[in-house]
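Reading the structure
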Amino acid sequence: MTADTATARSRGSLAAEMARARRRRYRAFIGRLFAHRSFLLGFVLLGGIVVLAAGANVIAPYNPDQNDYHSFLAPPSAAHWMGTDEFGRDVMSRVIFGTRVSLRIGLGVVVASGILGTLIGALAGYVRWLDGALMRCMDGLMAFPGVLLAIALAAALGPSELSAIVALTVTFTPRTARIVRASVIVTKRMLYVEAALAAGAGHLRVLFRYILANTLSPLIVQLTFMFAVSILAEAILSFLGVGPPPPQPSLGNIIAGGRAYIQEAPWVTIYPGLAIACAVLGLNLMGDGLRDTIDPRLRTVREPR
Amino acid sequence: MDHSNRTSRRNLLAGTALAALAAALPKGAAAAAGGEIIFVQGSNPPSLDAMSTSSQASRNINMNIYETLYGFSEHTAPIPILAETVVVSDDGLTYRFPLRKGVKFHNLKEMTAKDVKASLERYRKVGATSNLLEAVKSIDITGDYEVTLTMHQATPTFLESFCSPRAPAVIIPEEDALAEAGKTSIIGTGPYKYVEYVPDSHVKLTRFAEYSQDTRMPDIDGFGGRKTAYLDTVTFRIMPEPGAQTAALEAGEVHIVEEISVPAGKRMEKNPNIKVYKNMPWAMLTLIMNLDVAPTNNPKFREAVQVALNMEEVMALATAGFYELDHGWQYKGTPYYAGDIGKSYYNQHDVARAKKLLAEAGYKGEEFSILTDSNYTEHNKAAVVIAGNLKAVGINAVINQVDWPTALKIRLQPTGWHGWTLMLGIEPYVGPVALVSTFTGKRPLFVKNDRELDVLYQELVIGKTVAARKVTFAKIQKRLYEFFGIIKLGDTGQMQAARSSVEGYRPFRFPRLYNVRVKA
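All values reported here derive from a predicted model rather than from experimental measurement.

**Quick notes on the domain arrangement of chain A**
Frequently, the measure chosen for interface size is the accessible area that the parts lose on association. Residue and element names in this part refer to chain A. Per the domain assignment, the segments making up chain A are domain 1 (1-34) and domain 2 (36-302). A C-alpha centroid distance of 37 Å is found between domain 1 and domain 2. Each partner contributes residues to the interface: domain 1 has four residues there, and domain 2 has nine residues. Here domain 1 packs against domain 2, burying approximately 640 Å² in sum over the two surfaces, 71% of which is carbon and sulfur. Summed over the three residues of domain 1 that lose the most area to domain 2, namely Arg32, Leu33 and Phe34, the buried surface amounts to 86% of that side.

**Some details on the interface of chain B and chain A**
Counting from both sides, the interface comprises 23 residues of chain B and, opposite them, 19 residues of chain A. For the chain B and chain A pair, buried surface summed over both sides reaches about 1,800 Å², with 62% attributable to carbon and sulfur atoms. Here Arg259(A) and Glu241(B) are joined by a salt bridge, their closest N and O atoms 3.3 Å apart. Counting the contacts that link chain B with chain A gives five residue pairs in polar contact (both at pLDDT 80 or more). The set of elements that each furnish at least two residues to the side of chain B that touches chain A consists of helix H5 (242-250), helix H6 (262-268), helix H8 (311-318), helix H10 (377-392) and strand S17 (396-402) of chain B. For the side of chain B that touches chain A, the residue count by class is nine nonpolar, seven polar and seven charged.

**A few points about a positive patch on the surface**
All names here are of chain A. Taken together, the side chains of Arg22, Arg23, Arg25, Arg27, Arg205 and Arg209 make up a positively charged region of the molecular surface. For the positive patch, the secondary-structure elements that each account for two or more residues are helix H1 (3-35) and helix H9 (203-211). The element best represented in the positive patch is H1, accounting for four residues. Note that Arg23 resides in helix H1.

**Considerations on the confidence of the model for chain A**
Here chain A shows a mean pLDDT of 87. Residues at 70 or above account for 94%. Across residues 300-305 of chain A, where pLDDT falls below 50, the model places one contact with residues more than four positions away in sequence or in other chains.

**Let's talk about the packing of helix H8 (residues 191-198) of chain A against H9(A)**
Residue and element names in this part refer to chain A. Where H8 contacts H9, the two axes come as close as 10 Å, and the packing angle between them is 150°. Between H8 and H9, the interaxial angle falls into the category roughly antiparallel. For the pair H8 and H9, the crossing hand works out as right-handed. For the pair H8 and H9, contact is made by Tyr192, Val193, Ala196 and Leu197 and by His203, Val206, Tyr210 and Ile211, respectively. Across the contact of H8 with H9, the residue classes tally to seven nonpolar, one polar and no charged.

**With respect to the pattern of salt bridges**
Tallied over the entire structure, the rule returns 40 salt bridges over all chains. A salt bridge links Arg94(A) to Asp65(A), with the nearest nitrogen and oxygen atoms 3.3 Å apart. Of the two residues, Arg94(A) is situated in helix H4 (residues 91-126) and Asp65(A) in the loop between helix H3 (56-59) and H4; the sequence distance between them amounts to 29 residues. Overall, the relative accessible area of 4% leaves Arg94(A) in the buried class. Within the structure, one salt-bridge network assembled from shared partners comprises Asp450(B), Glu452(B), Lys478(B), Arg479(B) and Glu482(B).

**With respect to the domain arrangement of chain B**
Residue and element names in this part refer to chain B. Entries for chain B in the domain assignment read domain 1 (36-240 + 501-518) and domain 2 (281-494). Between the C-alpha centres of domain 1 and domain 2 the distance comes to 32 Å. At the interface, 18 residues of domain 1 touch 15 residues of domain 2. At the boundary of domain 1 and domain 2, one finds two salt bridges. Taking the shortest distance from any N to any O, the salt bridge between Arg469 and Glu160 comes out at 3.4 Å. At the junction of domain 1 with domain 2, the criterion picks out six residue pairs in polar contact (both at pLDDT 80 or more).

**Some words on the pairing of strand S18 (residues 419-424) of chain B**
All names here are of chain B. The element S18 is extensively covered by neighbouring structure, given that six of its six residues are classed as buried. In the sheet, strand S14 (residues 274-289) pairs with S18 via six bridges, with the strands oriented antiparallel. Opposite Met284, over in S18, you have Leu424 as the bridge partner. Here strand S16 (residues 367-373) pairs with S18 via two bridges, running parallel. Note on S18: the bridge partner recorded for Ile370 is Gly419.

The rules behind each value
Residues numbered from 1 in each chain as written. Chains lettered and ligands numbered in written order. Predicted model: local features only at pLDDT ≥ 70, side-chain atom pairs only at ≥ 80, totals over all residues. Heavy atoms only, no water. Domains from an automatic or database assignment. Contact = heavy atoms within 4.5 Å. Buried area = accessible area lost by both parts, 1.4 Å probe. Salt bridge = Lys/Arg side-chain N within 4 Å of Asp/Glu carboxyl O. Polar contact = N/O pair within 3.5 Å; in protein donor to acceptor, adjacent residues only side chain to side chain. Helix = DSSP H or I, 4+ residues; strand = E, 2+ residues; numbered from the N terminus. Nonpolar A, V, L, I, M, F, W, Y, C, P; charged D, E, K, R; others polar. Patch = residues over 30% accessible without salt bridge, like charges linked within 9 Å, V, L, I, M, F, W, Y side chains within 5 Å. Areas by Shrake-Rupley, 256 points an atom, 1.4 Å probe, with all protein chains shown as cover. Lys, Arg positive; Asp, Glu negative; His and termini not counted. Charge placed at Lys NZ, Arg CZ, Asp CG, Glu CD. pLDDT = per-residue confidence, 0-100. Axes fitted to C-alpha atoms, helices over the stretch in contact; angles between N-to-C directions. Parallel < 35°, antiparallel > 145°, perpendicular 65-115°, else oblique. Left-handed = near helix turned anticlockwise from the far one by under 90°. Buried < 20%, exposed > 50% of the residue type's maximum accessible area, 1.4 Å probe, protein only. Pairing = 2+ DSSP bridges.

Next up, the structure:
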């Protein structure tokens, strides 16, 4: 056995030990997360909705666009558990498919504004000369009321699912960018960052490997809440007629359709309303749980209770 | 015996006194007069200058403030209102209108021929449908209370067109006639006079105490007749939200709602405090094609759309069950109804025939974009059902739903839309000339002129008698079912609701709030 081989083995066992430690930390984190009651409740709620949305083709009892002019605005019955809407379409099937659209838009917004916001926030926080220009642009966007800006953009782009995603991404990106920038500014002054730079690491490596990795926790929490807000905002856009075009169901346009008959056929608005409430509540509870579990300071505060 | 005689005498005296009192009051005023009525409508009037707008929201209010020389009766026949009569020369080139004397404007000035001439001259400049007076060569004062219109050529349908309430040719004081569109002082001769307009809130009118009642008729008749303003004030409340409108009516905060949804109407019929009124037919629901772009520039494609549609499904869902299926381009029971012409194309829902026609048209799955708006539920619901019907035969139908002003803007563009759902309300009501004029002229509804229709329109306008015009209109209906530039989906109704305490309300093309009282 040569010295080199021994060193390699010793390096290998060190790496394996680190991987084991990481797995242990990960398992402990997941354990703590699921021990958190809010997170668990949120997970169950959202999980149920995701399963419904993902399996809509199998679970929905009817084609959501199938009109039936013999039974429009029919109350809930054995044939239609949530009744029918003004076109005689099955409300339950439309809510299930509508949830899929809402989740897809919410996820699209979270991914797009997460990536854009992270890039802009990281550049603004790390590259000093870019900070002023980038953040003033973000401030400019934030000066408009969020939903109003989204409505204007969606109206300009025309009603479609993609327009809704673009409009909400533009609206929510500045919020993500602010959070990432704040974290980057704090993190880049840390000793380990200086050490990495002193050891000759390049700026890109430092930014992505050491700084951004440490901004992920607040970002994930923020994105969870943003997911919930996106679902609500999508419902608002669809309610106002600038979301996905008819007959494509979305939770907002189902409610908008039933609004005129709220006294005669309340089921058309109640069930999609409940679906929105469950999705948003689920995401908010999960966000609370994540924040409590990720942020040790909050955990310490909560423990004595 | 004596006692009974005394009683009889007393009763006789009381009866005589009451009869004398009743004779002294305007007809019908024996019941409670005074009070306020609140009428709810969904949108602001764009203008209270009646000449310059064809909006229903404006017409609702304006026709209680202003009057015209001639107007339609309940059965759409021209009747005199501010005119005594009309004398048409044998050659059909002059129309002499003697005026009613003693008619006062809201500023208490008496209406004379000068006001009428000034008003009609203004209408030619600012009237939203100024083509009503296109046939008129000159407007001359031929007496203090007489105006004569001279035509370029004999136009037998002139009086019918002149009665059109779309953007009515109302009579206003001469001093107002120079005002730009929308800038008049809102003075008319009607039973109610203008008080205030607070946008997004209300328009308030008050009784015109010196109103010159037309005593030639026993009762109101269409836009004219014997009008009596019983109410002290009339308030038109603007409430865009249908749910809020019905809730306000049920709570007794308002008296009449201009239009309620059919399900709400069915529910409220059971409420003893509410009376539901049905106005049928109210409008024709149509699908208009853009003849200037592919694939709708192909008549075979348009025919495929016509035969693919299930009108029963479209109408039932678009109107929540308040509709009549009819292929005619005039309402059933009206003088110009053209019988079964085109019926074989109506409500076919023939998938095989539609597919065959699409193959003949060489259709390759191009997009068929249906323009519709979010403001009128009949429009957007019809679009959804139409898209479903068309997808079933293989047409790539998509819906472009925008707000009403945007839809109006888009439809004026030559491209960017293929079909457009629209209710034609006032045009079919006014008659064939008004309806067919929207299919011809500089910018027909379907964008590009159809030569044959243009020729038939000219024939219709110069048709000397109703019978002659009816023959022409039958040819027009036949042509409409040959080239399919516009597809009739069916007739829709309008449901209104009022508190039971409202007496004498009779639904019409606008809310006649005269001859209406409110029980205490």
